[in-house]
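One letter stands for each residue in the lines below.
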Amino acid sequence: VKAAADVYLPVSGEILEINEDLADNPQLINEDPYGEAWMLKIQLTSPDELEELLDADQYENLERDH
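Basis of the calculations
The written sequence of each chain sets the order in which its residues are numbered from 1. Totals for whole chains, interfaces and linings use every residue, but because this is a predicted model, local features are given only for residues with pLDDT of at least 70 and side-chain atom pairs only at 80 or more, for both listing and counting. Excluded from the side-chain calculations are hydrogens and water; all other atoms, namely the structure's heavy atoms, are used. Only DSSP runs of H or I with at least four residues qualify as helices, and only runs of E with at least two residues qualify as strands; both kinds are numbered from the N terminus onward. Just to be clear, the radius of gyration here is over C-alpha atoms, and the globule rule we use is 2.2 Å times residues to the power 0.38. Relative accessibility decides the category of a residue: with a 1.4 Å probe and only protein chains considered, values under 20% of the type maximum give buried, values over 50% give exposed, and everything between is partly exposed. In this analysis, two residues are considered to be in contact whenever any of their non-hydrogen atoms come within 4.5 Å of each other. What sets the accessible areas is the Shrake-Rupley method with a 1.4 Å probe; for residues, cover comes only from the shown protein chains. Definition used for salt bridges: Asp or Glu carboxyl oxygen within 4 Å of a side-chain nitrogen of Lys or Arg.

Caption draft 1: Expanded view of the overall build of the protein chain. Of the regular secondary structure elements, the protein chain holds three helices and two strands. Computed over C-alpha atoms, the radius of gyration of the protein chain comes to 14 Å, more than 25% over the 11 Å expected from 2.2 N^0.38 for 66 residues, which places it beyond the range of a compact globule. Dimensions of the protein chain, computed from C-alpha atoms along their principal axes, come out at roughly 35 × 30 × 20 Å. Counting all 66 residues of the protein chain, 8% fall into the buried class. Here the contacts in the protein chain between residues at least 6 apart in sequence split such that 53% fall between residues at least 24 apart. For the protein chain, the exposed area adds up to about 6,000 Å²; of that, 49% sits on carbon and sulfur atoms.

Caption draft 2: The pattern of salt bridges, seen in detail. For the coordinates displayed, the defined rule picks out one salt bridge. Note that E17 and K41 form a salt bridge whose closest N and O atoms lie 3.8 Å from each other. In this pair, E17 sits in strand β1 (residues 13–18) while K41 sits in strand β2 (residues 40–44), placing the two residues 24 residues apart along the sequence. We classify E17 as partly exposed; its relative accessible area is 37%. K41 sits in the partly exposed class, given a relative accessible area of 40%.

The values reported here are purely geometric and, on their own, carry no functional implication.
Here it is in structure tokens:
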């Protein structure tokens, strides 16, 4: 089943590139989320915003705690 949803970005900036391969091969998001399944490339407006983000391990720990 295909679904569409909005993507909210936790940083501000300009979208430079979108991974068009995901339109034809959306299962890549589950198969290779840290490789071929990148969604977009962004030119950050405020790189300091990255300091507020969780890395994959921190996010995984947060999920386990709740």
